[in-house]
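Coordinates in review
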Amino acid sequence: MIEKTDLSFERAVLIGIVTREQDEDKLEEYLDELEFLTYTAGGEVIKRFSQKMDVPNPKTFIGTGKMEEVREFVKENDIGAVIFDDELSPAQQKNVEKILKVKILDRTGLILDIFAQRAKTSYARTQVELAQYEYLLPRLAGMWTHLERQRGGIGMRGPGETEIETDRRIVRDKISLLKKKLATIDKQMEVQRGNRGQLVRVALVGYTNVGKSTLMNVVSKSDVFAENKLFATLDTTVRKVVIRNLPFLLTDTVGFIRKLPTQLVESFKSTLDEVREADLLLHVVDISHPNFEDHIDSVNQILTEIEALGKPTIMVFNKIDAYKPEKLDEDDLMTERTSAHYSLKEWKKTWMNRMGENVLFISALNKDNLEDFRKKVYEAVREIHITRFPYNNFLYPEYDKYGEQKE
Ligand SMILES: Nc1nc2c(ncn2[C@@H]2O[C@H](COP(=O)(O)OP(=O)(O)OP(=O)(O)O)[C@@H](O)[C@H]2O)c(=O)[nH]1
Ligand SMILES: [Mg+2]
């Protein structure tokens, strides 16, 4: 059962490791994101711990000395949850919990918790519940049993809250039941999608919190919930949008994140069908985020996973109003100039330039360059539309030949 608990502020610490593939800067970035996730889940990060190690300790993930340091801190600072950036094995989770005697979460558990908190419709709730049970199944033995289950808070929403459900068999039954329920909904959704006719389908995709819903709202006059937290959107909204007189369907859906739990990708399969079946993708990027290039990679990786990569795509670089390059003093000869110092103009000359026509720079919030957006989307949709309805080619002239509204 998914439970919506209003969270009292929970004090948490974060733990990450520095490895050969993941240097200190990268770790900091990842922990920044983990802190944002914690905040979204309702927690407050009191301290971050990190340790250099080539391979994680198979028993406790971090080393014994570091663990002792964490244990003391947790005890002295009234910490309610310890959150690891990496996925812990069920055994590691159990061992660490025994030592620290507080809730132990990994990144996957935290993301699942946020999804549980945010799922509003019965469809989204069913999908999240399935992912939670799949995650729970291998972790059942000894999980949380010695903790007060009533306390609630981060990681305590959803399955695992009642004693009975700690039985594997019950969880397995639950999983197959949820799968059946989802299969029924999936069929209905498929029929619904079929009923939409042959209109060109455009999907907004992108990392979480980049402004997809905000953009959806400004171009379609809809009222999709948007806020500065992660995973504001879990359900899919489809709107008919008309640019000039060319109609098409625009879909806003769940955002992606680095290491999006596989359980979620699987159980959100039909939500993501909207993306898989789209004719055109608008890949929205928050260019004001220092890691926007990594975000693009994460999104492309998930698109590959759901077999949606390689579709016609327009890259929409959003939040240009908030883009601020790092400053470099002219007489500073020591600091190396990196892409963090690029102006937008310089960015446009990089790999972005090689993407040709299919790149846009906008601010959905300030409504900057939206005319450019409309024009590019119009052209791309038109191209698909006239292959589908060749006879009304003349109805949809090139954007610029549109007479009165010409730019
Ligand atoms: N500065 C600035 N902020 C923006 C812009 N567009 C959106 N935002 C803000 O970014 C935050 C996230 O916006 P959403 O539209 O919820 O983002 P989303 O991509 O739908 O996020 P998820 O549904 O969580 O995946 C909100 O606080 C918006 O107000 C923009 O162009 N500039
Ligand atoms: Mg959204």
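In case you missed it, the structure is sitting above this.
Along each chain, numbering runs from 1 in the same order as the chain's sequence is written. The naming scheme follows written order: chains are lettered A onward, ligands numbered 1 onward. Only residues with pLDDT of 70 or above have their local features reported here, since the model is predicted, and side-chain atom pairs are shown and tallied only from 80 upward, although totals for entire chains, interfaces and linings are computed over all residues. With hydrogens and water excluded, all non-hydrogen atoms of the structure serve as input to the side-chain values.

**Notes on the overall build of the protein chain**
Put simply, the rule reads: Numbering goes from the N terminus for both helices and strands, where a helix is a DSSP run of H or I of at least four residues and a strand is a run of E of at least two. Burial classification: accessible surface area is computed with a 1.4 Å probe over protein chains only, and a residue below 20% of its type maximum counts as buried, one above 50% as exposed, and the rest as partly exposed. For this analysis, residues touch if any pair of their heavy atoms sits within 4.5 Å. The accessible surface values rely on the Shrake-Rupley method and a 1.4 Å probe; as for residues, cover is taken only from the protein chains in view.
Per the secondary structure count, the protein chain includes 13 helices and 10 strands. Going through the 407 residues of the protein chain one by one, you find that 52% of them count as buried. Sequence separation of 24 or more characterises 71% of the internal contacts of the protein chain that already satisfy a separation of 6 or more. For the protein chain, the accessible area works out to roughly 20000 Å², and carbon and sulfur atoms hold 50% of it.

**Digging into the packing of aromatic side chains**
Our working definition: Between 30 and 60 degrees the pair is tilted, below 30 it is stacked and above 60 it is edge-to-face, where a pair is any two Phe, Tyr or Trp rings, Trp via its six-membered ring, whose centres lie within 6.5 Å.
Taken as a whole, this structure holds 10 aromatic pairs when the rule is applied. When the ring of Phe292 is compared with that of Trp347, the centres are 4.9 Å apart and the planes differ by 70°; the resulting orientation is edge-to-face. Of this pair, Phe292 sits in helix α10 (residues 292-305) while Trp347 sits in helix α11 (residues 344-348), and the two are 55 residues apart along the sequence. Like Phe292, the residue Trp347 is buried in the burial classification. For the pair Phe317 and Phe361, a centre-to-centre distance of 5.3 Å together with 20° between the ring planes defines the contact as stacked. A residue pair is termed long-range when its members are at least 10 positions apart, and Phe317 in strand β9 (residues 313-318) and Phe361 in strand β10 (residues 359-361) qualify at 44 residues. Like Phe317, the residue Phe361 is buried in the burial classification. Grouping aromatic residues by their ring pairs yields a cluster made of Phe292, Phe317, Tyr342, Trp347, Trp351 and Phe361.

**As for the pattern of salt bridges**
Our working rule: Salt bridge, as used here, is a side-chain nitrogen of Lys or Arg placed within 4 Å of a carboxyl oxygen of Asp or Glu.
Scanning the model with the defined rule gives 28 salt bridges in all. With a shortest N-O distance of 3.2 Å, Lys26 and Glu29 are connected by a salt bridge. Residue Lys26 and its partner Glu29 are both found in helix α1 (residues 24-41); the two are separated by 3 residues, about one turn of the helix. Taking relative accessible area as the criterion, Lys26 reaches 23% and is therefore assigned partly exposed. The salt bridge involving Arg169 is made with Asp173; its shortest N-O contact spans 3.7 Å. Taken together, the residues span about one helical turn, with Arg169 and Asp173 both in helix α6 (residues 168-195) at a distance of 4 residues. For Arg169, a relative accessible area of 52% gives the class exposed.

**Let's talk about the nonpolar core**
What counts here: Working definition of a nonpolar core: buried Ala, Val, Leu, Ile, Met, Phe, Trp, Tyr and Cys residues. They are joined through side-chain atoms within 4.5 Å.
Among the nonpolar cores identified, the biggest contains 75 residues, and Leu215, Phe231, Leu282 and Phe373 are the most heavily contacted of them. By residue number, the principal contributor to this core is helix α13 (residues 370-388), which donates 7 residues. Those residues within four positions of Leu282 in sequence are excluded, and the remaining contacts are Val202, Ala203, Leu204, Val205, Leu250, Ile314, Val316, Phe373 and Val377.

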